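One-letter residues, chain by chain:
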Amino acid sequence: MTEGHSPAAGPGKLNTSVAHNARVWNYWIGGKDNYEVDQRVGEHVAGMFPVIRAVARADREFLARAVRFLAAERGIRQFLDVGTGLPTVDNTHEIAQRIAPESRIVYVDNDPIVLVHARSLLTSSPEGVTDYVDADVHDPDGILQRAADTLDLSRPVALMMLGILNFVLDTGEARDIVRRLMAALPPGSHLVLTHPTHDADVGGEGNAAAMEFWNANATPPITARSRTEIAGFLEGLELVEPGLVPCSLWRAGADAAAVPQYGAVAVKP
């Protein structure tokens, strides 16, 4: 752990001998909830694929812009954040409730280390609600059933799937998960996603080797996809401008640079 800080012990099967995505991602964005093994793997991956730190920051910044857009411009007051990851600065509920204090947020993850820190995600405004569901992305029906305890699924919901579908290795299964989740939500609901790519035109040519190292030395296994494959997750939805682009460029400043991580926001008609 950095600076002598250790994640608290808690329920679930915490394995601190193998690097884990949630903790390595936390390390890349400057967090302290990671172990030495996570730092070693994170440094090795960053050595192979130096842009990964910029990807991690860009993904987090995209989340903030997307939530602000949905809350302020689209009037969304319900968020289902699947694949939450470790809490950090400006989590989904903090951004949404800053704009609309009555917003309701359900976080979903099945990582024991995230569950330990879930209390940091349950600091709702008095007018709103936050909840945490311990569930797997491979079980969309279970996610929906438990989210319905907090969210009104007859009203529009923003389904947040940032950096999670890349852990569903079968593309057909990943598309089915998105389809089943969105099918349960009413028109006016939005899908927000990010996904890594190996597309060379956005700097992703080094992703394949870095992910091969990752899959041999860390967990869970991961895959990158082409822009065309990622676009398949958005079928039947209407893209919000500027469409499916590097997440660093989505409604960002003119000086933003592309990263090999696509992002999009789309609405269910």
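Bear in mind the structure is a predicted one, so any value in this text is a computation, not a measurement. (Residues numbered from 1 in each chain as written. Predicted model: local features only at pLDDT ≥ 70, side-chain atom pairs only at ≥ 80, totals over all residues. Heavy atoms only, no water.)

Asker: Can you tell me about the pattern of salt bridges, naming the residues and giving the values?
Answerer: What the rule picks out here adds up to 10 salt bridges. Glu36 serves as the salt-bridge partner of Arg40, at 3.5 Å between the closest nitrogen and oxygen. Of this pair, Arg40 and Glu36 are both found in helix α2 (residues 36-48), four residues apart, which corresponds to roughly one turn of the helix. Across the pair, Glu36 and Arg40 agree in class, each one exposed. Note that Asp90 and Arg98 form a salt bridge whose closest N and O atoms lie 2.6 Å from each other. Among the ionic contacts, a cluster of salt bridges with common partners joins Asp141, Asp176, Arg179 and Arg180. (Salt bridge = Lys/Arg side-chain N within 4 Å of Asp/Glu carboxyl O. Helix = DSSP H or I, 4+ residues; strand = E, 2+ residues; numbered from the N terminus. Buried < 20%, exposed > 50% of the residue type's maximum accessible area, 1.4 Å probe, protein only.)

Asker: Hey, could you go over the packing of aromatic side chains for me, with residue numbers and the actual values?
Answerer: Per the stated rule, a full pass over the model turns up three aromatic pairs. Ring geometry for Trp25 and Trp28: centres 6.0 Å apart, planes at 70°, overall edge-to-face. Residue Trp25 and its partner Trp28 are located together in helix α1 (residues 21-28), separated by three residues, close to a single helical turn. For Trp28, a relative accessible area of 7% gives the class buried. Ring centres of Phe62 and Trp250 lie 5.5 Å apart, and the angle between their planes is 75°; on these two criteria the pair is classed as edge-to-face. (Phe/Tyr/Trp six-rings, centres within 6.5 Å; stacked < 30°, edge-to-face > 60°.)

Asker: Could you give me a rundown of unusual backbone geometry, with the residues and numbers involved?
Answerer: Glycine aside, residues mostly have negative phi, and peptide bonds are mostly found in the trans state. Residue Pro220 follows Thr219 across a cis peptide bond; omega there is -10°. Take Pro220: it is sitting in the loop between β7 (218-219) and α9 (227-231). Along the chain, Glu241 connects to Pro242 via a cis peptide bond; the corresponding omega equals 10°. Summarising the element assignment, Pro242 is placed in the loop between β8 (238-239) and β9 (245-246). Phi at Arg251 is positive, roughly 50°, even though this residue is not glycine. Locating Arg251 in the fold gives a position in the loop between β9 and β10 (261-267). When its relative accessible area of 39% is taken as the criterion, Arg251 is described as partly exposed.

Asker: If you had to explain the side chain of His20 to someone new, which residues and values would you point to?
Answerer: You can see His20 is positioned in strand β1 (residues 19-20). Residue classification places His20 among the buried residues on the basis of a relative accessible area of 19%. Dropping the residues within four chain positions of it, His20 is found in contact with Asp38, Asp111, Trp214, Thr219 and Pro220. (Contact = heavy atoms within 4.5 Å.)

Asker: Describe the nonpolar core, with residues and values.
Answerer: The biggest cluster of nonpolar side chains holds 87 residues, and the ones touching the most others in it are Phe79, Leu80, Leu159, Met161, Leu191 and Val265. Broken down by element, the residue count for this core peaks at 12 residues, all from helix α3 (residues 52-72). If we ignore the near neighbours within four places in the chain, the residues touching Leu80 are Val106, Val108, Ile143, Ala147, Leu151, Val157, Ala158, Leu159 and Met160. (Core = buried A, V, L, I, M, F, W, Y, C linked by side-chain atoms within 4.5 Å.)

Asker: So what's going on with the pairing of strand β6 (residues 190-196)? Which residues, and what values?
Answerer: Burial analysis of β6 places seven of its seven residues in the buried class, which makes it a mostly covered element. Of the two faces of β6, the one lined by His190, Val192, Thr194 and Pro196 and the one lined by Leu191, Leu193 and His195 are each fully buried. Pairing of strand β5 (residues 158-162) with β6, which is carried by five bridges, proceeds in the parallel orientation. In the strand pairing of β6, Leu162 is matched with Thr194. As a crossover connection, the stretch from β5 through helix α7 (residues 171-183) into β6 is right-handed. (Pairing = 2+ DSSP bridges. Right-handed = clockwise from strand over helix to strand, strands pointing away.)

Asker: Lay out α1 in plain terms, naming residues and giving numbers.
Answerer: Counting along an α-helix, one turn takes 3.6 residues, and residues three or four places apart therefore face a common direction. Most of α1 is tucked away, with seven of its eight residues classed as buried. Among all positions of α1, only Asn21, Ala22, Arg23, Val24, Asn26, Tyr27 and Trp28 are buried. Tucked into the core, α1 has its buried residues touching β1, α2, α3, α5 (112-116), α8 (207-217) and β7. Of the residues flanking the end of α1, it is Gly30, one or two places downstream, whose phi is positive at about 90°.

Asker: So what's going on with the environment of Val137? Which residues, and what values?
Answerer: For Val137, the position within the fold is in the loop between β4 (129-134) and α6 (140-147). A sequence separation of 40 residues divides Val137 from Ile177, and the C-alpha atoms of the two residues are 7.6 Å apart. Contacts of Val137, omitting those with residues within four sequence positions, involve Val82, Ile143, Met161, Ile164, Val168 and Ile177.

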